[in-house]
Amino acid sequence: MEVYDNREGASPVSETPERLKEVRGEIEQAADTSGRSAQEIELIAVSKAHDAEKIGEAIAGGQFVFGESKVQEARAKIPLLPSHLRWHFIGHLQKNKIRHALPLFELIHSIDSVDLAQQVERIAKEDGLFPRILLQVNVADEGSKFGFKPEALVESMEQLLQLQRLSIEGLMTIPPMGVHAGKSRPHFARLRSLRSELEQKFHLKLPHLSMGMSDDFAVAIEEGATLVRIGTRIFGPR
């Protein structure tokens, strides 16, 4: 049962709608700078660690696509919110949470290994589902991050394409944290280049590049992002 109430006066005035407006303006500006249409770029409001009331403030600002990184948290929040919202999973997907995650999320950004993809395929077949996924790439080769190394993904792609239940729609990356946005540009460019390499080598289309967060989304858009994951700029600090 939906318990979120977005009627006028149901919640106090917040800064979230104005922040959303600012972010959308910056998305449009970045798209224009790179000769793209802002319609090519989808904003995912990263709502992890924010409660249903806070998400409601974003809904009041016209936002309907949200990103969560913990399945258990999402399972608690999603039933409290309007059913027309769309949910993306952006965190590391633990194998014991796959069955719970698949019905909740329209797109999983973080398939980071062949083994995880095979487990998702198995459970999807058992449950009659056809998940849409992105492949997470550890472009910077950071030891602390999940994801395929670019060369390993090229080598693994034939094996991944044999998984008939999975719809592979693109790539995702998280650049090194705490660096200036400009220093993220080579990582975003590398992901775009890898996407082109995979498309040509395997004769397929990978329409989505999920890259760019609060500090660097404008640069990511200039480098070809179609999905940007923005939390702090919209909701403020957690």
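Residues numbered from 1 in each chain as written. Predicted model: local features only at pLDDT ≥ 70, side-chain atom pairs only at ≥ 80, totals over all residues. Heavy atoms only, no water.

> Hey, could you go over the packing of aromatic side chains for me, with residue numbers and the actual values?
One pass over the full model with this rule turns up two aromatic pairs. Ring geometry for Phe66 against Trp87: centres 5.6 Å apart, planes inclined by 35°, an arrangement best described as tilted. On the criterion of sequence distance, the pair formed by Phe66 in strand S2 (residues 65-68) and Trp87 in strand S3 (residues 86-89) is long-range, its members being 21 residues apart. Owing to a relative accessible area of 0%, Phe66 belongs among the buried residues under this scheme. In this arrangement the basic side chain of Arg165 is found over the ring face of Phe130, its NZ or CZ atom lying 4.1 Å from the centre. (Phe/Tyr/Trp six-rings, centres within 6.5 Å; stacked < 30°, edge-to-face > 60°. Helix = DSSP H or I, 4+ residues; strand = E, 2+ residues; numbered from the N terminus. Buried < 20%, exposed > 50% of the residue type's maximum accessible area, 1.4 Å probe, protein only. Lys NZ or Arg CZ within 6 Å of the ring centre and 35° of its normal.)

> Tell me about helix H1 (residues 16-33), and please be specific about residues and values.
Over its 18 residues, H1 runs 26 Å from end to end, which matches the ideal 26 Å to within 8%, given 1.5 Å per residue. For H1, the set of buried residues is Thr16, Leu20, Val23, Ile27, Ala30 and Ala31. Around the axis of H1, the buried residues are gathered within 100° of arc, so they sit on the same side. When the buried face of H1 is taken as reference, the exposed residues oriented beyond 90 degrees from it are Lys21, Glu28, Gln29, Asp32 and Thr33. As for H1, its buried residues are in contact with strand S1 (42-46), helix H2 (52-60), helix H8 (217-222), strand S8 (227-230) and helix H9 (232-235). (Expected span 1.5 Å × (residues − 1). Arc of directions from axis to C-beta. Contact = heavy atoms within 4.5 Å.)

> An account of the environment of Gly212 is needed here, citing residue identities and associated values.
Along the polypeptide, Gly212 turns up in the loop between strand S7 (208-210) and H8. Residue class for Gly212 comes out buried when judged on its relative accessible area of 1%. In this structure, the C-alpha to C-alpha distance between Gly212 and Gln72, residues 140 residues apart in sequence, is 25 Å. Look past the residues within four positions of Gly212 in its chain and what remains in contact with it is Phe188, Phe217, Ala220, Val228 and Arg229.

> A description of unusual backbone geometry should follow, citing residues and the corresponding values.
When glycine is set aside, most residues are seen to have a negative phi, and most peptide bonds are trans. Of note in the backbone geometry, Ala49 takes a positive phi value of approximately 70° without being a glycine. In this structure, Ala49 sits in the loop between S1 and H2. Exposure remark for Ala49: the relative accessible area of 51% places this residue in the exposed category. Despite not being glycine, His203 has its phi angle at roughly 55°, a positive value. With respect to the secondary-structure elements, His203 resides in the loop between helix H7 (181-202) and S7. Relative accessible area serves as the criterion here: at 74%, His203 is assigned to the exposed category.

> A description of the confidence of the model for the chain should follow, citing residues and the corresponding values.
Per-residue confidence for the chain gives a mean pLDDT of 93, with 94% of residues at or over 70. With pLDDT under 50 throughout, residues 7-11 is counted as low confidence; its partners more than four residues away or in other chains account for one contact. (pLDDT = per-residue confidence, 0-100.)

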